[in-house]
Amino acid sequence: MRPPAGDGKPLGPENGLTTDVPGGVPEGQTSVMTRAVSRLLLMPTIATAAAILVKGYVEPGDGFSAGVVAALGILMQYLAFGREQAERMLPLRGLGYMAFFGLLLTLVVAFRGPVVGQTLMTQWPLPGDAVIHVGTLEVITAVAFDVGIFLLVLGYGTGVISLIARVVGRAERRSKEENHRDPDEAYGEDMG
Amino acid sequence: MILISLAIGVTWVFGTVLAMLDGRRTYVGLLALGAMGTSLVSGVLLGVRVLQEGTVEFVAGGWPLGLGIALRADVLGVTFAVLSCGVVFVSLLYEVILGIRSRTFPALVLFLNTGLVGIFLTGDMFNFYVFFEIAMTAAYVLTAYREHDYQVRAAFIFAIVNLLGSVIFVIAVAALYHVTGTLDMALAAERVTEAGINPTIVIAVAIFVAFGLKLGLFPFHFWLPAVYVGSHASVAAILSGALANIGSYGLLRFGGYILPEQLAFGAPVLLVLGSASIVYGAHQAVARRSPVEVMAYSAIGQAGYILIAIAIAGPIGFAAGVLYAVVNSLNKTLVFLATGLRGWMVGAAFAIAAFSIAGVPPAVGFLGKLALFRAALSLDSLAGTVTLVALIFLGGALSFVYSFQIYQSVYLKPSPEEGKPSPLAARLLVVVLAALLVGLGLYPEPLLYVSERAGALVAGGP
């Protein structure tokens, strides 16, 4: 299901729609239509993810599905633009680390209970207690838990794909160029 | 409650933090050791409390039982938790002494421990599966901790085979939920008897296949030698000393505790497969020359003994199964750690482990064989008893042969010793472990007591 080839029109570098970027997607793999649509869809996807995350308490949805949706939105950028260009356009570097911070946040919320003498994963405030409001949003630990799950899923989804894209890209470059690049250069700081 | 949370949680939190740091640095290794130590100590304290006061359990979030997710530490679970935690701790200590060469190693070991302790201390079948996946995922990456690319092939096979096992297991859990309407192990054990043998025997077979794959029993063993041979000593020790416990625990918990009727129904098959495992593993092991390979095949045979004990069932059979699983796990840890070292004292430690595997007193392996003999004598049919006793004796004799072949060829043969001996601390660690094996053999009461309690728990059911 490869998108139709581009019509070869010169594209403006100012809108991130060029194709002649080293390490970017080779010309003809994605059309300007694909790139433009995926670019346009990014913000609605993120907004949808946020809605799923927040609405999860009254309607179907939670941190996990929100994370999947947001990750898909970002992965669409990787598909349309290639890794390097996508990471230049958007602050995606280090997103993989979000997985760890998300997991930590989740664990802290989950294990808060035993520390203060309640059972595991007890919610704060307890049912019936006064809830602190920020606008119409209720501040409860369940939200923090779900935000943690959201970050975990989002960070994992994008981090792993970015890592694979980097390894594949490096192998491709090496086979293409056969120059004096150190093959082990980028190992070690691959996270994110 | 705080002890259960701590045993599972501390390595989880530290694993997450250490995953972002470079595991090759000493302080990361030490932090990981500290977390593992905390987990181990909490496990031991929890074990003492469980032995004195009975099962400790609570439901997460304060939900009523049946709605929320139960965490339950009973004698069986806590025994396996402490055992696995101890093995992982020793293996990590060993690797820290020798110098960690991978940046992810400490974090992975901590995640693995989280999964293992979680498996043994959960009272919920789906949670069992989730922790099972945490442990296995960490193990997939750990098996790829090796030098050569071609060895990664073995890690790949390991991952594929075990993923298949996981899928089969989760299908079985779903089926069990369908039949009983609960995921809580104790409730499921109560309700499954009403469902009758017809739908549940299929579930039991699926569960058996899933754990048989994990344990490396005879028809499912094909992945095992290749994976062990390429692994680092510490990883092989973790795989066969800690991770294989999932298989024995799962068979005891799901076979003995939740599905006892189905276990009794399938006992003849299990006895045949167990015997096949023993004979096959021992014969293959005798034919091999490299220590790791011999021990990998020996692991297949040892898994057969555990299966036979479980198939015999009843308090005596299950107690023998628990005891044999504990002893086997300790033996294998020592053997694999010793094969990674050089220098004097290592040979002695290896010899003790070999004695123990062969079941020679005073090493602790003798206890395992003795418990099996007792279990075989408790069988009703005379022919069965005679066959089993003969089989156990044959297996023991063969393991004696292969253990000493290896000892002879590796440690007694005057070889032009090239490399310098391993660090003293690592050798001391192995010697301490060997002393523990002999000590437990000389003073077996605690081990016998724990395994009897655990066996009674499994046999008594809910």
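No experiment lies behind these values; they were computed from the predicted model shown. (Residues numbered from 1 in each chain as written. Chains lettered and ligands numbered in written order. Predicted model: local features only at pLDDT ≥ 70, side-chain atom pairs only at ≥ 80, totals over all residues. Heavy atoms only, no water.)

(A) Spotlight on a nonpolar patch on the surface. All names here are of chain A. A cluster of nonpolar residues, V54, W124, I132, V134, L137 and V139, forms a patch on the protein surface that exposes about 520 Å² of accessible area. Counting only elements with at least two residues in the nonpolar patch, the list comes to β1 (132-134) and β2 (137-139). With respect to the helices and strands, the residue L137 is situated in strand β2. Here L137 falls in the partly exposed class, since its relative accessible area comes to 40%. (Patch = residues over 30% accessible without salt bridge, like charges linked within 9 Å, V, L, I, M, F, W, Y side chains within 5 Å. Areas by Shrake-Rupley, 256 points an atom, 1.4 Å probe, with all protein chains shown as cover. Salt bridge = Lys/Arg side-chain N within 4 Å of Asp/Glu carboxyl O. Helix = DSSP H or I, 4+ residues; strand = E, 2+ residues; numbered from the N terminus. Buried < 20%, exposed > 50% of the residue type's maximum accessible area, 1.4 Å probe, protein only.)

(B) Spatial organisation of the packing of aromatic side chains. All names here are of chain B. Counted by the stated rule, this structure contains 26 aromatic pairs over all chains. Note on F128 and F254: the rings are 5.2 Å apart at their centroids and 80° apart in plane angle, and the pair reads as edge-to-face. Note that F128 is positioned in helix α5 (residues 125-143) and F254 in helix α10 (residues 233-258), a separation of 126 residues in sequence. Considered together, F128 and F254 belong to a single accessibility category, that of buried residues. Three or more aromatic residues joined by ring pairs make a cluster, and in this case those are F80, F120, F126, F128, Y129, F132, F169, F211, Y249 and F254. (Phe/Tyr/Trp six-rings, centres within 6.5 Å; stacked < 30°, edge-to-face > 60°.)

(C) Looking closely at the side chain of B:N162. All names here are of chain B. Along the chain, N162 turns up in helix α6 (residues 149-180). The exposure class assigned to N162 is buried, which follows from its relative accessible area of 1%. Within the local environment of N162, its side chain forms a polar contact with the side chain of K214, the two groups lying 3.0 Å apart. Beyond its immediate chain neighbours, meaning those up to four positions away, N162 contacts M136, Y140, L213 and K214. (Polar contact = N/O pair within 3.5 Å; in protein donor to acceptor, adjacent residues only side chain to side chain. Contact = heavy atoms within 4.5 Å.)

Worth remembering: the numbers are spatial, not functional.
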